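# Residue-level structural notes
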Amino acid sequence: MCDGDNNISHRRIYLSEETKEVLEKIDRVAVHASDLDGIASAAILLLLKPTLKIDFLTVTEAKKAPAIYDLVVDLPKIGDAINIDHHKTNFENLLQSGRLSDRDLVDPASPSATALLAKYLGIDSDPHIEKIVEIANLADTGKFTEGIYLIDKIIKCYSRNQEALLKVAWAVAKYGDRFLEDPWLRGEISRLQKVFDQCKDLSKFVVEETIKKRNVKALILHVESGVPRICIGDLMHDFIESGGKIVVLINTMREKDPYCPSLTENMGQHTARISVRVRDVEFDARKFLERFGGGGHSVAAGAKLPVDLLPMFLLEAFQELSRVLGEVLYLNINRDMLGSIYQGDFNV
């Protein structure tokens, strides 16, 4: 019997004696703060043990975090904590350093860390858990439904806000794949609806200028100013979904974001955020960004880069993308350009 909390009705989830023993030893957990996979993992853990202390961390924060955790999910291993993860970079690092233990479950072949967590705890056949795993699998493999698109935006908006992320995790724990029934989530979606519309307009512009007008399949997109932070993912996703093969996004925005202010707290003034997405070509995003201290998956990876290294990064990006696809387009997005297109509708 797993007791509910936070207005969650009681759910019966069968736990083996071995799983009960594991849970008894886990009091503090770290999960990935920036995507639905980490949030869904937190949701499962809250269902099983509502008293857990859960910290939502970025990958960078996890690499610097003190060894205070009993379990770390969808993040690099911290100290001697049990590590549940599916990132190949982490798997290879653990093997090379000899830190992969018998207590860990790190499998790059898994579609999500949530799936591995459910398997690890022996609850992957429970109907409610299956629904939570399925939305994590869809999100982490880029197969967004309308609902997953919306919850992903809320997670991105609050990826530095522990209290809000906990609310999202409880919503997933309570409702599973019907998470949009949660009143708080519905309120946030309503608040951000204008921004969602702006995101779609901007993505449409990028697709029109690159794929439809110029038939470009490889894009380096440099966002300097004026874009709501939660639009960033749309730009990459929609380019790929519209027929693009590789998109490299460079984010050097510095201004405050009025819609998601926590995203612009403690912004490094000398850092660029790099993201790469790939579809249907022989290009390994993870291996490419590992050259610059990043990591992730072969089709989706990220890195942080000192801005003074951007010229070198651009040279290598142009070289690698042109080797694979020939023509490469560089597109810069800034406030002045957006103002001329949208006549001031973007208010960032």
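Worth saying up front: this structure is predicted, and the values here are computed from it rather than measured. (Residues numbered from 1 in each chain as written. Predicted model: local features only at pLDDT ≥ 70, side-chain atom pairs only at ≥ 80, totals over all residues. Heavy atoms only, no water.)

## So, the overall build of the protein
Across its full length, the protein carries 14 helices and eleven strands. In terms of C-alpha radius of gyration, the protein reaches 20 Å, essentially the compact-globule figure of 20 Å for 348 residues. With the C-alpha coordinates of the protein rotated into their principal frame, the extents come out at 60 × 45 × 35 Å. Counting across all 348 residues of the protein, residues that qualify as buried make up 53%. Long-range contacts, defined as pairs at least 24 residues apart, comprise 67% of the intrachain contacts of the protein with a sequence gap of at least 6. (Helix = DSSP H or I, 4+ residues; strand = E, 2+ residues; numbered from the N terminus. Rg over C-alpha atoms; globule rule 2.2 N^0.38 Å. Buried < 20%, exposed > 50% of the residue type's maximum accessible area, 1.4 Å probe, protein only. Contact = heavy atoms within 4.5 Å.)

## Some thoughts on the sheet that holds strand 3 (residues 71–73)
Spatial strand order, 2-1-3-4-5: five strands in an open sheet with parallel pairing. Each having just a single partner strand, strand 2 (53–57) and strand 5 (105–106) make up the two edges of the open sheet. By the bridge criterion, two bridges tie strand 4 (residues 82–85) to strand 5 in an arrangement that is parallel. In the strand pairing of strand 5, Asp 85 is matched with Val 106. (Pairing = 2+ DSSP bridges.)

## Some details on the environment of Glu 18
In this fold, Glu 18 is placed in helix 1 (residues 17–24). A residue is classified by how much of its surface remains accessible, and Glu 18, at 61% relative accessible area, is exposed. Between the alpha carbons of Glu 18 and Lys 63 there is a distance of 30 Å; along the sequence they are 45 residues apart.

## A look at the pattern of salt bridges
Taken as a whole and assessed by the stated rule, the structure comprises 19 salt bridges. One network of salt bridges, with partners in common, ties together Arg 291, Glu 316, Glu 320 and Arg 323. (Salt bridge = Lys/Arg side-chain N within 4 Å of Asp/Glu carboxyl O.)

## Concerning the side chain of Lys 49
Position of Lys 49 relative to the elements: it lies in the loop between helix 2 (36–48) and strand 2. Residue Lys 49 is classed as buried on the basis of its relative accessible area, which comes to 16%. Polar side-chain contacts of Lys 49 include one of 3.3 Å to the side chain of Asp 27. Sequence-distant contacts of Lys 49, that is, excluding residues within four places in its chain, are made with Leu 23, Glu 24, Ile 26 and Asp 27. (Polar contact = N/O pair within 3.5 Å; in protein donor to acceptor, adjacent residues only side chain to side chain.)

## Examining the pairing of strand 1 (residues 28–32)
Across the five residues that make up strand 1, a large majority, four, are buried. Running through helix 2, the crossover from strand 1 to the neighbouring parallel element strand 2 is right-handed. Two strands pair when backbone bridges link them, and strand 1 and strand 3 are joined in this way by three bridges, in the parallel orientation. Note that in strand 3 the partner of Ala 30 across the bridge is Val 72. (Right-handed = clockwise from strand over helix to strand, strands pointing away.)

## Focus: the sheet that holds strand 7 (residues 246–251)
Here six strands make up an open sheet; going across it, the order is 9-10-8-7-6-11 and the pairing mixed. For this open sheet the edge positions go to strand 9 (295–296) and strand 11 (329–333), each flanked by a neighbour on one side alone.

## As for the pairing of strand 7
Buried residues dominate strand 7, accounting for six of its six residues. Side chains Ile 246, Val 248 and Ile 250 of strand 7 all project onto a buried face; the interleaved residues Val 247, Leu 249 and Asn 251 project onto the opposite face, where all are buried too. The parallel pair strand 6 (residues 218–223) and strand 7, bridged by helix 11 (residues 232–241), forms a crossover whose chirality is right-handed. Relative to strand 8 (residues 271–278), strand 7 is paired through six bridges, and the arrangement is antiparallel. Opposite Val 248, over in strand 8, you have Val 276 as the bridge partner.

## Digging into the packing of helix 10 (residues 193–214) against helix 11
Contact geometry for helix 10 and helix 11: axes closest at 9 Å, N-to-C directions at 45°. Put simply, helix 10 runs oblique to helix 11. Judged by the twist between their axes, the crossing of helix 10 over helix 11 is right-handed. For the pair helix 10 and helix 11, the contacting residues are Cys 199, Lys 200, Leu 202, Ser 203, Val 206, Val 207, Thr 210 and Ile 211 in the first and Asp 234, Leu 235, Asp 238 and Phe 239 in the second. Broken down by class, the residue content of the contact of helix 10 with helix 11 amounts to seven nonpolar, two polar and three charged. (Axes fitted to C-alpha atoms, helices over the stretch in contact; angles between N-to-C directions. Parallel < 35°, antiparallel > 145°, perpendicular 65-115°, else oblique. Left-handed = near helix turned anticlockwise from the far one by under 90°. Nonpolar A, V, L, I, M, F, W, Y, C, P; charged D, E, K, R; others polar.)

## Topic: the nonpolar core
Judged by nonpolar contacts, the single largest core of 86 residues is most densely connected at Ile 44 and Ile 333. Counting residues per element, this core draws most heavily on helix 2, at ten residues. Within the second largest apolar cluster, 22 residues are counted, among which are Ile 246, Ala 272, Ile 274 and Val 276. (Core = buried A, V, L, I, M, F, W, Y, C linked by side-chain atoms within 4.5 Å.)

## Description of the state of the cysteines
This structure, assessed with the given rule, holds two disulfides. Here Cys 157 is linked by a disulfide to Cys 260, with a sulfur-sulfur distance of 2.1 Å. In this structure the cystine formed by Cys 157 and Cys 260 twists about its S-S bond by roughly -110°; its chirality is therefore left-handed. In this pair, Cys 157 is assigned in helix 7 (residues 146–157) and Cys 260 in the loop between strand 7 and strand 8, connecting sequence segments 103 residues apart. The exposure class of Cys 260 is buried, given its relative accessible area of 1%. Paired through a disulfide, Cys 199 and Cys 231 show a sulfur-sulfur distance of 2.1 Å. (Disulfide = S-S within 2.5 Å.)

All we've got here are geometric facts, nothing functional implied.
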